[in-house]
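Examination of the molecular architecture
If you want the building blocks of each chain, they are given just below.
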Amino acid sequence: MIVFFILAIASIVFSVLIVAQRNVVHCAMALAATLFILAVLFLTLDAPMLGILQIIVYAGAIMILILFVIMLLNPAAIEARPAAWWTIGSIAAAALFFQFAALLLRVPLPSAGPAVPDSFGGPESIAQTLFTDFTLPFEVASVLLLVAIIGAVVLAQRQR
Amino acid sequence: MIVDLSIVAVKAFIVIFMVLNLAGVLGWVERKASALIQDRIGANRAAIFGFAGMGLVNTLLADPIKFLTKEDFIPARGDRLLHTLAPCLALFPALVTFAVIPFGDVLIVGGREINLQVANLNIGILYIFGMASLSVYGIVIGAWASNNKFSLLGGVRGAAQMVSYEIAMGLSVIGVLIVYGTLEPQAMVRAQGELLWGWLPAWGVFLQPLGFLLFFTAAVAETKRLPFDAPEGESEIVAGYHVEYSGGKFLMFFAGEFAEVVTAAGLVTTLFFGGWQVPYLLRDGFHFPGGGVLSLAPLAVTILQVLAFALKVVFFCWLQILLRWTLPRFRYDQVMRLGWKMLLPAALVNVFITAVWIVLRQRPT
């Protein structure tokens, strides 16, 4: 429980840092830290496989590509946006927050969950669910990714 | 509880201590071996009362003192925080990866079984890849925080190279995972203790020869050493991502590189060369295929196994140093072509063939 609160507070702090900082690379590093802390949270929730995959895919691959793009484009510092966008964004975020808060308040706090079986969150159980109950969504997602890759190749070819 | 915790702490300390020490010794081996290969004398200037000790005084005493007492230079328009964070990010993944590499079988002391491995994760291989994927941050952040064109170029090259070779590395391991049917390094090493046709140890290199070549190539590329040192490329971009680093921070990059070499050697040993297995050595002694039996005490067996693991790791470290001083640097486009157009398809073919073979073998005939 103490570990959870430490991790939760740390993830909130880094999430705020993502949007509050002016330097883009600092924002990206804060995002990486947030993703890493989320992975540790998964580890504490008996889902080691999910945690490690979170590190490999998000912290290790996607964030590196984002950093790569930032370094290639090298935006020195983002100029201040017009005030209208700030207000619209803030209002939307506040509305979303109250929606979620209303939902969250209705959920009762679980005192102690049932003990999970040993195989919970292991590679076998994840593979079982993925390739039996969720075969169709899994395959559809892979086709979607393939379409995205082909699209990227086509766009890159056109620019030559 | 306290006993268990202290056992884990002792194991973690021993592993980090050995990895860092081996990394330091490798620095000496590299300087002397490169001299040997290039017909030079090598480090021999620093001496205490005329004793240079084959350059040991130079590399293990003079160099560290120099590194630690040098001015820590941060570029004026660089980023102070990230410039300091980057070397830590470079050293951290190389050191923690060794936690899941088993360096021996169980050791039984006073009725208590001690697994000779710091952390026994059932997804150990995935953990290794997770940590390996984090090692890119050190380069990218260090390169950016230096505010230097050459280092930025090195960082961009490094990020592209490491992301590319991670894919080839991951795919080349899948063959091994299919063959042994586990993600647990310790279980994998145990499976390699069996014999094929009664005499050949079932090591990964015999079952997955192509997988071994692909993995070793990708692992060398991940350490960013010759022939894959395009991110550093002294003759093109001065020293790449660590051009603006000096003193202790540079030492951390340097130690991180050698720790990566040790980790790569440990991984190759664990996945393809039987880890701590000695051929024909079971828990009660040698059982030779001809029928001869040589029984040994359990403690002697454990010591032999740990020694075998250390020997294999040292051999692969030496092989990487030999490679570095034998091959010239690839051009950057050649690095990318090798990764994406040769290693990746070959790894896919390897996965396909292995899967088909396993399915055919499991089908009742």
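Keep in mind that this is a model prediction, so the values were computed, not measured.

1. Describing the overall build of chain B
Within chain B, the secondary structure is distributed over 13 helices and 7 strands. Computed over C-alpha atoms, the radius of gyration of chain B comes to 22 Å, within 12% of the 21 Å expected from 2.2 N^0.38 for 365 residues, which places it in the range of a compact globule. Along the three orthogonal principal directions, the C-alpha set of chain B runs to about 70 × 55 × 50 Å. In chain B, which comprises 365 residues, the share counted as buried stands at 45%. Residue pairs in contact within chain B that sit at least 24 positions apart in sequence constitute 76% of those at least 6 positions apart.

2. A word on the domain arrangement of chain A
Along its sequence, chain A is organised into domain 1 (1–75) and domain 2 (122–160). A straight line from the C-alpha centre of domain 1 of chain A to that of domain 2 of chain A covers 23 Å.

3. Some words on the interface of chain B and chain A
Contact residues are listed per partner, giving 20 residues for chain B and 17 residues for chain A. For the side of chain B that touches chain A, the secondary-structure elements that each account for two or more residues are α4 (124–134), α5 (136–145) and α6 (149–180) of chain B. No other element matches α4 of chain B, which puts 6 residues into the side of chain B that touches chain A. Looking at the side of chain B that touches chain A, its residues break down into 16 nonpolar, 4 polar and no charged.

4. What to know about α4 of chain B
Of all 11 residues making up α4 of chain B, 11 are buried, and the element is well covered by its neighbours. Turning to α4 of chain B, its buried residues are Gly 124, Ile 125, Leu 126, Tyr 127, Ile 128, Phe 129, Gly 130, Met 131, Ala 132, Ser 133 and Leu 134 of chain B.

5. A word on the sheet that holds strand β6 (residues 285–287) of chain B
Residue and element names in this part refer to chain B. Within the open sheet, the 3 strands sit side by side as β5-β6-β7. Their pairing is antiparallel. Each end of this open sheet is capped by a strand with a single partner; those strands are β5 (281–282) and β7 (293–295). Sheet topology places β5 next to β6; 2 bridges connect them, and they run antiparallel. Bridged to Leu 281 within β6 is Phe 286.

6. Looking at the nonpolar core
Formed by 109 residues in total, the largest nonpolar core has its most connected members in Val 140, Phe 215, Val 262 and Val 268 of chain B. If one sorts the elements of this core by residue count, helix α11 (residues 247–272) of chain B sits on top with 14 residues.

7. Examining the confidence of the model for chain B
Summary statistics for chain B give a mean pLDDT of 82 and a share of 98% for residues scoring 70 or more. Taken together, the chains of this predicted complex give a pTM of 0.83 and an interface ipTM of 0.74.

8. Digging into unusual backbone geometry
Residues and elements named next belong to chain B. With phi around 55 degrees, Asn 147 is a residue other than glycine that occupies positive phi space. Of note, Asn 147 is situated in the loop between α5 and α6. The partly exposed category is assigned to Asn 147, around which 16 C-beta atoms lie within 10 Å.

9. Things to note about the environment of Gly 248 of chain B
Residue and element names in this part refer to chain B. If you trace the backbone, Gly 248 turns up in helix α11. Each C-alpha atom of the pair Gly 248 and Gly 158 lies 22 Å from the other, and the pair is 90 residues apart in sequence. When neighbours within four sequence positions are excluded, Gly 248 is seen to be in contact with Phe 67, Leu 68 and Asp 72.

10. Brief notes about the packing of helix α1 (residues 2–37) of chain B against helix α2 (residues 56–69) of chain B
All names here are of chain B. Interaxial distance between α1 and α2 falls to 9 Å at its minimum, and their mutual angle equals 135 degrees. Comparing their axes, α2 and α1 come out oblique. For the crossing formed where α1 meets α2, the hand is right-handed. Contacts between α1 and α2 involve Gly 24, Gly 27, Trp 28 and Arg 31 on the former and, on the latter, Leu 56, Thr 59 and Leu 60. Considering only residue class, the contact of α1 with α2 consists of 3 nonpolar, 3 polar and 1 charged.

11. So, the environment of Gln 21 of chain A
Along the chain, Gln 21 of chain A falls in the loop between α1 (2–20) and α2 (24–44). Accessibility expressed as a C-beta count within 10 Å gives 14 for Gln 21 of chain A, which makes it partly exposed.

12. Some remarks on α1 of chain B
All names here are of chain B. Relative to the 52 Å expected for 36 residues at 1.5 Å per residue, α1 spans 51 Å between its end C-alpha atoms, a close match to the ideal helical length. Along α1, the residues classified as buried are Val 15, Val 19, Leu 22, Ala 23, Leu 26, Glu 30 and Lys 32. Turning to α1, the residues buried within the fold contact α3 (80–96), α11 and α12 (298–326). One or two steps after α1, the chain reaches Asp 39, where phi turns positive at roughly 60 degrees.

The rules we used
- Residues numbered from 1 in each chain as written.
- Chains lettered and ligands numbered in written order.
- Predicted model: local features only at pLDDT ≥ 70, side-chain atom pairs only at ≥ 80, totals over all residues.
- Helix = DSSP H or I, 4+ residues; strand = E, 2+ residues; numbered from the N terminus.
- Rg over C-alpha atoms; globule rule 2.2 N^0.38 Å.
- Buried ≥ 20, exposed ≤ 12 C-beta atoms within 10 Å, placed from the backbone.
- Contact = placed C-beta atoms within 7 Å.
- Domains from an automatic or database assignment.
- Nonpolar A, V, L, I, M, F, W, Y, C, P; charged D, E, K, R; others polar.
- Pairing = 2+ DSSP bridges.
- Core = buried A, V, L, I, M, F, W, Y, C linked by C-beta atoms within 7 Å.
- pLDDT = per-residue confidence, 0-100.
- Axes fitted to C-alpha atoms, helices over the stretch in contact; angles between N-to-C directions.
- Parallel < 35°, antiparallel > 145°, perpendicular 65-115°, else oblique.
- Left-handed = near helix turned anticlockwise from the far one by under 90°.
- Expected span 1.5 Å × (residues − 1).

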